[in-house]
Amino acid sequence: MITAILFSFSCMFAAGAVPVGVISNPSSASGYELPLFELEKLVKPLFKLKNHSSSETPPASEEILRSARMLEIEKWIISIRRRIHENPELAFEEHETSQIVREELDRFGIGYQFPLATTGIRAVIGTGKPPFVALRADMDALPIQEGVEWEHKSKNGGKMHACGHDAHVAMLLGAARILKAREGNLQGTVVLLFQPAEEAGNGAKRMIEDGALEGVEAIFGIHVSHLLPTGSIGSRTGALLAGCSFFKAVIHTERGGNAILAASVTVISLQGIISRESDPLDPQVVSVTFFKNSRGDDLDSAMDQVEFGGTVRAFSRNNLRWLFKRIEEVIVAQSKVYGCSATVNFFDNSDAIYPPVVNNDKMYQHMKRAAIDLVGSTNFYEVEPLMGAEDFAFYSEIVPATFFYIGIRNETLGSVHTAHSPQFMVDENALPVGAAAHATIAERYLNELSLQTTVVM
């Protein structure tokens with residue numbers, strides 16, 4: 001169970017609560033709950049992207065969106081997503097998914113490096129010269145049995161694209177096709193990163209070690225969101241997703257001690273760290289998610305050892321470090337009170353620590369302008385931070401970055417379930433919008449940077 005929680009977003013909507021009020025959606029038969037900041041938006045009718053006025057949309061954005069909405073390209077993007085969805089592969093096992101990506105890149109004459117991080121790909125479009133801007137998509141699936149009955153249901157038992165990474169790959173491939181057709185407009189180079197192991201294994205870290213960010217000046221990433229209406233876009237400047245880590249404590253009985261009592265009191269005491277010591281305006285989480293004794297189901301003998309552990313989340317590395325310190329202090333001190341000793345492991349040398357995703361304000365403003373040009377100001381949302389985690393954070397610690405959401409919520413279709421749910425669905429009408437967003441953001445970044453350089457010179 002802890003393994004499932006351990007890397008749960010990695011995917012954003014499966015982990016932890018939204019730090020805002022929550023009310024029930026009365027129109028949902030399932031009793032699905034939505035954050036207050038989202039409910040008002042979801043009662044609005046879906047907008048019609050095809051009818052965007054050219055007077056409101058800059059020509060490049062309009063051309064890119066029109067390209068993404070062409071029937072041939074839209075059907076192709078959807079077909080890519082469905083092929084990948086039928087064959088979900090877990091972290092660092094994305095061999096067939098990677099093969100699909102490389103076949104499509106070859107078909108459009110797009111050069112790439114392979115492998116990075118076992119199954120990852122670094123493709124390039126443009127001049128091959130600076131500046132370099134990167135776009136990223138993750139490829140791995142989850143160890144979940146799909147519960148949605150449809151034509152393209154997962155064919156791999158116990159594996160499912162329950163977090164939308166199949167859609168992410170399809171959207172980035174869609175952007176690649178569009179950008180390749182517009183390569184003559186690019187004043188620099190777009191780097192396309194198809195990354196393995198976001199869910200488990202810090203694939204981003206491995207990609208970076210293998211040179212994914214070489215020469216890159218900025219990076220952007222998309223994630224589908226069941227909280228936003230289909231085709232809308234949302235994000236925020238600053239902290240967007242929490243940093244995430246995990247801990248495991250082992251309490252040993254000493255002479256006259258009681259490990260089960262010590263552990264029980266310690267779990268309760270840990271709750272005081274958040275309720276009594278942390279800043280209520282700066283959300284943090286300490287959650288115990290498993291508890292195990294050393295004698296299994298033996299009810300007739302005293303336990304000499306108890307293990308428990310869980311997750312820790314915060315919006316800065318400093319807060320994570322402070323939480324580590326207090327967790328260890330509380331566990332060790334409470335154990336001594338009950339005649340026990342304790343050790344605490346924070347997995348410092350493993351892939352279990354994710355820093356927070358923090359959007360660079362300049363990159364965020366660039367993304368926001370491009371998004372509004374594509375979908376209109378009424379379909380762009382300033383969202384609240386979420387306590388989920390994402391290994392895109394490793395990129396954002398090295399180069400200016402922005403991570404944003406593309407809405408897939410469609411109650412008529414049933415695309416309302418949180419990521420990491422067996423019932424998770426994607427409204428595929430969002431895919432061309434995501435492809436267009438990727439392409440617009442990258443092309444405009446390069447061209448605006450080139451224009452600024454020319455003006456300075």
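Here we summarise the structure given alongside this text. This is a predicted model, so every value here is computed, not measured.

So, how was this worked out
- Residues numbered from 1 in each chain as written.
- Predicted model: local features only at pLDDT ≥ 70, side-chain atom pairs only at ≥ 80, totals over all residues.
- Heavy atoms only, no water.
- Helix = DSSP H or I, 4+ residues; strand = E, 2+ residues; numbered from the N terminus.
- Buried < 20%, exposed > 50% of the residue type's maximum accessible area, 1.4 Å probe, protein only.
- Contact = heavy atoms within 4.5 Å.
- Axes fitted to C-alpha atoms, helices over the stretch in contact; angles between N-to-C directions.
- Left-handed = near helix turned anticlockwise from the far one by under 90°.
- Nonpolar A, V, L, I, M, F, W, Y, C, P; charged D, E, K, R; others polar.
- Pairing = 2+ DSSP bridges.
- Expected span 1.5 Å × (residues − 1).

**Section: the overall build of the protein**
Logical step 1: The secondary structure content of the protein amounts to twelve helices and 16 strands.
Logical step 2: Within the protein, the fraction of its 457 residues that count as buried is 55%.
Logical step 3: Counting only contacts in the protein whose residues sit at least 6 apart along the sequence, the fraction spanning at least 24 positions is 80%.

**Examining the packing of helix H8 (residues 259-277) against helix H9 (residues 317-337)**
Logical step 1: Look at H8 against H9: their axes get within 9 Å of each other, and the N-to-C directions meet at 145°. In the crossing of H8 with H9, the sense of the turn from one axis to the other is right-handed. Residue-level contacts link Ala262, Val265, Thr266, Ser269, Leu270, Ile273, Ile274 and Glu277 of H8 to Trp322, Leu323, Arg326, Ile327, Val330, Ile331, Gln334 and Ser335 of H9.
Logical step 2: Across the contact of H8 with H9, the residue classes tally to ten nonpolar, four polar and two charged.

**Remarks on the sheet that holds strand S6 (residues 189-195)**
Logical step 1: Taken together, eight strands build an open sheet; the order of strands is S3-S4-S6-S5-S7-S16-S8-S15 and the sheet is mixed. Every interior strand has two partners, whereas the edge strands, strand S3 (111-116) and strand S15 (380-382), have only one. Across the sheet, the mean angle separating the axes of adjacent strands is 25° when strand polarity is ignored.
Logical step 2: Bridge count for strand S7 (residues 216-229) against strand S16 (residues 401-409) is eight bridges, and the pairing is parallel. Bridge pairing in S16 places proline 229 opposite arginine 409.
Logical step 3: Helix H6 (residues 165-181) rests against strand S4 (120-126), strand S5 (132-138), S6, S7 and S16 of the sheet, and its axis sits at about 145° to S5.
Logical step 4: Each of S7, strand S8 (233-235), S15 and S16 touches helix H10 (residues 361-375); the most contacted strand, S15, lies at about 145° to it.

**Concerning H6**
Logical step 1: Counted at 1.5 Å a residue, the expected span for H6 with its 17 residues is 24 Å, and the 25 Å between its end C-alpha atoms agrees.
Logical step 2: The element H6 is largely enclosed, with a buried count of 15 among its 17 residues.

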